[in-house]
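The residues making up each chain are set out below.
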Amino acid sequence: MSNENNPSNASDIQANQDKPELDTGLDAIAAEATPVAAPAAAPATETGKAPAQAPRDITQLKVEKSCSRGLAGWLGQHRLSLAITSYQTGRIYLVGSDQQGRVSFFERIFERAMGVVGNAQRIYLGGLYQLWRFENVLRSNEIIHGQFDKCYVPRNAQTIGDLDIHELGIRKDGRVVFVNTKYSCLAELSPTHSFKAIWKPKFISKLAPEDRCHLNGLAMVDGEPKYVTAVCKSDSVDGWRERRRDGGVVIDITTDEIVCEGLSMPHSPRWHNGKLWLLNAGTGQLGWVDFENKAFVPHAFVPGFARGLSMIGNVAAVGLSKPRNQRFEGLQLDDELKKRDAEPWCGVQIISLTNGDVLNWIRFDGDISEIFDISFLPNVKHPMMIGLRTAEIRDLITFESDIKVEAPAA
């Protein structure tokens, strides 16, 4: 694995946005149309308030990208890609490596893109009021547009309402489970209703749209939901805001036991290599749970509000956001940044689980300051995704058939 952390030149980065640069093979793809009217309200944040002076038209945001020199080679060598979401900008980025050895950023717009989980065949994405399912339509020996080895097509968008949906998991039987933060519970899709609640913390007395404890993270173990994170144990509307510094907990949903406490805005629990890892966002640390002492064991410091974690092999991809006022006041993260004479990042750092070193990184600048979630996509080298505002979503048609093909008459 490369350990070069020098910025990549712009010429080494290939950007694919919603622009008319790709061909279906028959017709050119039209550019995404700019909406006639701006959204009625800016995307909500974890403070419950719209960010100050947020751009109203998310299609016009300008985002600059840079990365470590070794990232493209590392992704290509391990045949890996990343799905990265930013609800602040309504973006999902698919980051891979192209045939010229450059980092490829493929960008699509989905309003308030939040939790993401996926693999070589399927991606689930939580949005403002829908849960999206994307399917790869390419076989292992196929490419599209002469370059992409995976093409994720939106096949289903179930309308669930604004549940402030956070992290997602895929059960071993293929069903998706998600953190319903507004109602302080875990939920599944319902064929009739907005959601089917399957679990809530014991300290939550009722299902109510009050975001009482800020339930946010989900860890799957052997294809089933097992651990969740919450900012606190509050059973009062919006009660988590006053418990951000040390009220955080990790809960085993099969026993209702609190297995770790005293955390500061914990996020993104993940079971990996026999340990429960998570991000203690209020202190800027990646670490793991000491079950015997119900304590958090720091492994590495990251320069930003840590949220979004994906792990594969002996590495972790950690999402970083720049702190905002109000939500971050009084947190240890500010002191840790000052101690290290460091500025907060917006981006992703790929960290060794052996020694905590940063092996590679991605930085976002411009009209973006927050990342929400990350998912490694194994066995995916150069992915793309079909957008909603291009002709391609009408023209790219694939099918399967059970109709027997008749032999031509002699």
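Structural data are supplied above this passage.
Asks: Account for the pairing of strand β16 (residues 248-252), naming residues and giving values.
Replies: Of all 5 residues making up β16, 5 are buried, and the element is well covered by its neighbours. Across the two faces of β16 the burial is the same, with G248, V250 and D252 and V249 and I251 all buried. In this sheet, strand β17 (residues 257-263) lies alongside β16 in antiparallel orientation, the contact comprising 5 bridges. Counted as the bridge partner of V249 is E261 from β17. With antiparallel pairing between neighbouring strands as the criterion, β16 and β17 make up a hairpin whose turn holds 4 residues, including D256 at a positive phi of roughly 65°.

Asks: Which residues make up the sheet that holds strand β9 (residues 150-159), and what values go with them?
Replies: Strand order across the open sheet formed by 5 strands is β6-β7-β8-β9-β27, with mixed pairing between neighbours. Two strands in the sheet have a free side with no partner beyond their single neighbour: β6 (116-118) and β27 (383-385). Each neighbouring strand pair of the sheet contributes to a mean axis angle of 25°, computed without reference to strand direction. Examined bridge by bridge, strand β8 (residues 130-136) and β9 share 7 bridges and lie antiparallel to one another. Residue pairing across strands places L131 opposite Q158, the latter belonging to β9.

Asks: Which residues make up the sheet that holds β16, and what are the values?
Replies: Pairing in this open sheet of 4 strands is antiparallel, and the strands run β14-β15-β16-β17 from one edge to the other. Two strands in the sheet have a free side with no partner beyond their single neighbour: β14 (215-221) and β17. Taken pair by pair, the neighbouring strands of this sheet meet at an average axis angle of 20°, ignoring direction. Relative to β16, strand β15 (residues 224-230) runs antiparallel, the two being bridged by 4 bridges. From the neighbouring strand, Y227 faces β16, where its bridge partner is D252.

Asks: Describe the nonpolar core, naming the residues involved and giving the relevant values.
Replies: Nonpolar side chains in soluble globular proteins generally cluster together in the buried interior. In terms of nonpolar packing, the biggest core is built from 25 residues, with L82, I84, V95, I362 and F364 touching the most fellow members. Top element by residues in this core is helix α1 (residues 71-77). It accounts for 4 residues. Once residues within four sequence positions are removed from consideration, I362 is found in contact with S66, C67, L71, L82, I84, V95, F105, W345, C346, G347 and V348. One finds L94, I144, L377 and M384 within the second-largest nonpolar core, a separate group that totals 22 residues.

Asks: Go over the pattern of salt bridges with me, naming the residues and quoting the values.
Replies: Inspection of every chain in the model, using the stated rule, returns 23 salt bridges. Across the salt bridge formed by D238 and R241, the nearest N and O atoms sit 2.5 Å from each other. Members of the salt-bridge network, linked through shared partners, are R171, D173, R175, E188 and E224.

Asks: Now, about the environment of M265: what can you tell me, with residues and values included?
Replies: Relative to the helices and strands, M265 resides in the loop between β17 and β18 (266-272). Sequence separation of M265 and F305 is 40 residues, and the distance between their C-alpha atoms is 9.5 Å.

Asks: Account for the pairing of β8, naming residues and giving values.
Replies: Burial within β8 is extensive, with 6 of its 7 residues counted as buried. Note: strand β7 (residues 122-126) against β8, 5 bridges, orientation antiparallel. In the sheet register, G126 faces β8, and the bridge partner there is L131. Adjacent in sequence and paired antiparallel, β7 and β8 are bridged by 3 residues.

Rules used throughout
Residues numbered from 1 in each chain as written. Predicted model: local features only at pLDDT ≥ 70, side-chain atom pairs only at ≥ 80, totals over all residues. Heavy atoms only, no water. Buried < 20%, exposed > 50% of the residue type's maximum accessible area, 1.4 Å probe, protein only. Helix = DSSP H or I, 4+ residues; strand = E, 2+ residues; numbered from the N terminus. Pairing = 2+ DSSP bridges. Axes fitted to C-alpha atoms, helices over the stretch in contact; angles between N-to-C directions. Core = buried A, V, L, I, M, F, W, Y, C linked by side-chain atoms within 4.5 Å. Contact = heavy atoms within 4.5 Å. Salt bridge = Lys/Arg side-chain N within 4 Å of Asp/Glu carboxyl O.

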